[in-house]
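Residue-level structure breakdown
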Amino acid sequence: MERAGACVLLGCLLVSGTPGGLTAAAGSRDAPAEVAIIVHPDNHTPDPSLQDLRAILTLQRQFWSDGRRIVILLPATGSVERQVLLRTIYRLTDSDLRRLWARRLFAGEISAIPLTVRASEASVAGVKESPGAIAAVPAGDVPTGVRVLLINGKRPGDSGYPLTLVEKP
């Protein structure tokens, strides 16, 4: 049943969305771009620290506390959301991240490489469809029907929220 759900989710993600990612700081190079981490509303995992989030998004931790497999929906390459994750979570370039996933897959450490979605709307749809999914979306574009995780006890917009990118001119 879980495999069938993953196939439906994959089909949903492949056909939805438009190229490119949404940016929270569109039109303003100096405004911080904040990224919200969202999960299915039935996911009752406690809000993580940044270190715990790193373990989840690097698949060092592959299952939620209720036993469901974690399904990572990565933002589109080049999107602000992806840049925030690369800088604050992965601490890698995009090409290094792709190599890391391939190396871990072939070493048998992970069962699949995380999916990259084309737009935040597809990430939201995937999270709403799959109780195991987790995604990063622009903080200003979080719809109803998903749960936003607090990171280090802070929500997007709070002072000291860690998933923020300020572009330097």
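For the structure, see preceding data.
These lines cover the structure that appears in this document, whether it is placed above or below. (Residues numbered from 1 in each chain as written. Predicted model: local features only at pLDDT ≥ 70, side-chain atom pairs only at ≥ 80, totals over all residues. Heavy atoms only, no water.)

**What to know about the overall build of the protein**
Just so we agree on the cut-off: Under the scheme used here, helices are H or I runs from DSSP no shorter than 4 residues and strands are E runs no shorter than 2 residues, and both carry numbers assigned from the N terminus. Note on classification: 1.4 Å probe, protein chains only; a residue is buried when its accessible area is under 20% of the maximum for its type, exposed when over 50%, partly exposed between these limits. Residue contacts are counted whenever heavy atoms from the two residues lie within 4.5 Å of one another.
Each helix and strand in the protein was counted, giving five helices and six strands. Ordered by position from the N terminus, the helices and strands of the protein form the series α-β-α-β-α-α-β-α-β-β-β. The buried share of the protein, taken over its 169 residues, is 42%. Considering only contacts within the protein whose residues lie at least 6 apart along the sequence, 73% involve residues at least 24 apart.

**Some points on the side chain of Q62**
Heads up, the condition is: Nitrogen and oxygen atoms within 3.5 Å of one another constitute a polar contact, given that in protein one can donate a hydrogen and the other can accept it, and given that sequence-neighbouring residues count only through two side-chain atoms.
Relative to the elements of secondary structure, Q62 occurs in the loop between helix 2 (50-57) and strand 2 (71-74). Judged by its relative accessible area of 18%, Q62 is buried. Among the polar contacts listed, one links the side chain of Q62 to the backbone oxygen of L59, at a separation of 3.3 Å. Discounting residues that sit within four places of it in the chain, Q62 has contacts with R68, R69, I70, R104, E109, I110 and S111.

**So, helix 4 (residues 94-106)**
In an α-helix, one full turn covers 3.6 residues, which means residues spaced three or four apart are oriented alike. Counted only if it meets this: Multiplying 1.5 Å by the helix residue count minus one yields the expected span of that helix. Starting at the helix axis, one direction is taken to each C-beta atom, and the arc is that of these directions.
Compared with an ideal rise of 1.5 Å per residue, which puts 13 residues at 18 Å, helix 4 spans 19 Å between its outermost C-alpha atoms and is within 8% of the ideal. Residues of helix 4 that are buried include every one of D94, L97, L100, W101 and R104, and no others. Here the buried residues of helix 4 occupy an arc of 115 degrees about the axis, which is enough to place them on one side. Every exposed residue of helix 4 that faces more than 90 degrees away from the buried side is listed here: R99, R103 and F106. Buried residues along helix 4 sit in contact with helix 2, strand 2 and helix 3 (80-90).

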